[in-house]
Structures are given as C-alpha cells and as structure tokens.
Amino acid sequence: MTRQIHVGGVPVGGGAPVSIQSMTNTRADDVDATLSQIRALATAGCDIVRVAVPDQAAAHAVGKIKERSPLPVVVDIHFDYRLALEAIAAGADKVRINPGNIGSEDRVKAVADACRQRNIPIRIGVNGGSLEKDILAKYGKVCPEAMVESAFGHIRLLNRFDFDDICVSLKSSSVPTTMKAYQLMSLKSDYPLHIGVTEAGTVRMGTLKSAIGIGGLLALGIGDTMRVSLSADPVQEVMAARDILKAAGIRREGAELVSCPTCGRTRIDLISLAGEVEERLKAVDKPITVAVMGCVVNGPGEASAADCGIAGGQGEGLLFKKGQIVKKVPQDQLVDELFALIDTL
C-alpha cells in the first residue's frame, strides 16, 4: 500500500483506483486547441492531463487552461524554475519536474515552498535517458539500480526543504529495465508510483510494450497512476490504457470481447464476425464478457465463463448464455440475435 496524494480531485495511491493520464501535444499558449484536446481526452476516459510548459507563453496560458479544463492539470517543467512558480500560482494541480535540472538548491526550495503553500504534489520524473552523469559513471550504464538511486537523490533534495507530497516515475524505453526499476522502488519506499514505458513507439509496438510493462506491473500490484506513451493522437493513449486496465483485471467498465483463433474447423468468416461484434460493443456500457467462437462443437464450452456469445457453424450458429445453448440461429442473423440477448442482460 502506497501513501496517497491528490491531483486536483483525483486521489493517487493509498488504494485509490489506478488513474489514467495523458499529455497534450498542442502548444499550451494555443488555449482553445489545448482545451479541445483535453475535452477529447476526458471523453475517452482520461483522469489527469499533463501540459508541457517550455516557455513564458505556455506559463501565461496555464491559468486560462485550468479555468476551463474538465481534468486536473499537471504542468511539465524542465530547467526554468520560474515557469514552475508561475504555473503553480496560476492554479496547476501538480508539477512534474526533475529537481536536479532546475538549478541551484534555492530554486528547488522556491518550487517546493510554492507547492507546499498551494498543497499540490510534485512528480519526480526519472528517465533512463537523462540520468545524472555521476550516477551513470558509478553504474556504467542505465540500469534499475541507477534509476532508483536517482529518484532517492531527488527525494532527499525535496525532503531537505520540508516537502514530501511526492509521486515518483522511473521510465525507460526498455521494458525489462522499467519493470525492474519499479519493482525495486516499490520495495524501498511507499511513495505512489506513476508507471509507464517511455518512448514506447507507434500505436502497434508502443501498445504492446506498454501492455507488457504496465500490465505486468499492475499484475504484481505495482502502480497507482499510468500513462501509455505513444507516437500517436493522445486519445489513442487513453484507449490503450483502458484496455490494459481491463486486460489486467483492474477495471471492469464496458463490455469485454473474447474470441477464439481461427483453425481448420472454422466454417464462417470469424475474423469479420469478431470485428463486427467488437465495433458494436463500443456502445455497450454493461460490465459483461461476450464471446465469439468459430466452432459449434466446443465453442459454448470453451467460453462458458462469458456472459453470452455466439459460435459459428456451416450456414448457422449457436447463441449461448453462460455456456448453455439458447438456440440455433441462421448465420446472417447471429450478430443481431447476440445483441438482442445482450439487451436482456
């Protein structure tokens, strides 16, 4: 069990539900474009949004974004502590920094004091690609131990200024390194953990790497908030995050599809059938499991854990509920009959 922080109205850690984060890719000073993207993220199921603040124009826009944002706003700061101070004063709900890269200790203290006065947390974001030179020299490479040592160095720096409202991330583009770093950190501290695989890639490979890294950590009970990092529309990140949470058994929201692989027994176009059912299930918000099986011989039995489903045959198929056959249905009516059954659940 980790300690709990609050990002706006969203609790993180301490047994709270795992929250989904994403980051806008618009210029923050284009307030309307940024807010449009934030609303799209909120609609997709995002809980917390992060905004890059690389310059004064972006810092000046934080207040306007915060006023109209449906989500808590995290500001992402590097190097210039004055940007952090301005964003904090404008109402940011959380600050993401590396305390070691914003300059002298008096600057770190200024940021810590401002966050404490406003009662907002700081995320220490350790990235395998930007570890301190002395730590890299000590370990000779990027490794989990180096990343954890970096995190504790930043934590001690903030603690020196009486600040401990902290969340930690330890991200690498390597899935094994990322997972081991988070596992090590979870053994050594109770700070809430923001989990993710950084620079994961495009939708296909990035989702796969994130599913393994994030999903694996969640299955181990590690992770309080998460971001799937993709070279894609940020909405795709949120959709992938929801799917990962669902696959890991963390969230049950909406319908889940299970379908069998095709084989030599299959006598229907199972791939198209499963695709059609998956598309129509997007409009179903019931927490149910729906099966699409390619064989009437063992389909209902194999999918007995599903709430309902269909199994294809030659020109016709079976409609079943909780593993029990309801009736035979002509092939061209299978999907409609399935959704008629779903309506009764």
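Our subject in this report is the structure included herewith.

Rules used throughout
- Residues numbered from 1 in each chain as written.
- Predicted model: local features only at pLDDT ≥ 70, side-chain atom pairs only at ≥ 80, totals over all residues.
- Heavy atoms only, no water.
- Helix = DSSP H or I, 4+ residues; strand = E, 2+ residues; numbered from the N terminus.
- Expected span 1.5 Å × (residues − 1).
- Buried < 20%, exposed > 50% of the residue type's maximum accessible area, 1.4 Å probe, protein only.
- Contact = heavy atoms within 4.5 Å.
- Salt bridge = Lys/Arg side-chain N within 4 Å of Asp/Glu carboxyl O.
- Pairing = 2+ DSSP bridges.
- Axes fitted to C-alpha atoms, helices over the stretch in contact; angles between N-to-C directions.
- Parallel < 35°, antiparallel > 145°, perpendicular 65-115°, else oblique.
- Left-handed = near helix turned anticlockwise from the far one by under 90°.
- Nonpolar A, V, L, I, M, F, W, Y, C, P; charged D, E, K, R; others polar.

## Observations concerning helix α7 (residues 175-188)
Residues three or four positions apart in an α-helix share a direction because the helix packs 3.6 residues into each turn.
Move 1: Taking 1.5 Å as the rise per residue, α7 with 14 residues should run 20 Å; its terminal C-alpha atoms sit 20 Å apart, in good agreement.
Move 2: Looking at α7, one finds that the buried residues are Val-175, Thr-177, Thr-178, Met-179, Ala-181, Tyr-182 and Met-185.
Move 3: Packing partners of the buried residues in α7 comprise α6 (144-160), β8 (166-171), β9 (194-195) and α8 (203-219).

## Topic: unusual backbone geometry
Move 1: Even without being glycine, Phe-79 reaches a positive phi, approximately 75°.
Move 2: On the secondary structure map, Phe-79 appears in the loop between β5 (73-76) and α3 (81-89).
Move 3: Look at Phe-79 and you get exposed, because its relative accessible area is 61%.
Move 4: For Asp-162, which is not glycine, the phi torsion reads 60° and is therefore positive.
Move 5: In this structure, Asp-162 sits in the loop between α6 and β8.
Move 6: Residue classification places Asp-162 among the exposed residues on the basis of a relative accessible area of 61%.

## A look at the pattern of salt bridges
Move 1: Under the definition given, this model contains 20 salt bridges.
Move 2: As a salt-bridge pair, Asp-113 and Arg-116 come within 2.5 Å of each other at their nearest N and O atoms. Taken together, the residues Asp-113 and Arg-116, both in helix α4 (residues 105-118) and three residues apart, mark about one turn of the helix.
Move 3: Take Asp-113: its relative accessible area is 14%, and that puts it in the buried class.
Move 4: Linking Glu-316 and Lys-328 is a salt bridge whose minimum nitrogen-to-oxygen distance equals 3.8 Å. With a gap of twelve residues between them, Glu-316 in strand β14 (residues 316-321) and Lys-328 in strand β15 (residues 324-330) connect regions that are remote in the sequence.
Move 5: With a relative accessible area of 35%, Glu-316 lands in the partly exposed category.
Move 6: Each member of the salt-bridge network shares a partner with another, and the members are Arg-3, Asp-164 and Asp-190.

## Thoughts on the sheet that holds β14
Move 1: Taken together, five strands build an open sheet; the order of strands is β11-β12-β13-β14-β15 and the sheet is mixed. Both outer strands of the open sheet, β11 (256-259) and β15, are each paired with one neighbouring strand and no more. For this sheet, the mean angle separating the axes of adjacent strands, direction not counted, is 20°.
Move 2: The sheet contact formed by β11 and strand β12 (residues 289-293) spans four bridges and is parallel.

## Focus on the packing of helix α2 (residues 56-68) against α3
Move 1: It is the contact of α2 with α3, at a shortest axis distance of 8 Å, that shows an interaxial angle of 15°. Here α2 lies roughly parallel to α3, going by the angle between them. In terms of crossing hand, the pair formed by α2 and α3 is right-handed. Across the interface between the two elements, Gln-56, Ala-59, His-60 and Val-62 of α2 pack against Leu-83, Glu-86 and Ala-87 of α3.
Move 2: Residue composition of the contact of α2 with α3, by class: four nonpolar, two polar and one charged.

Coordinates in, geometry out; function isn't part of it.
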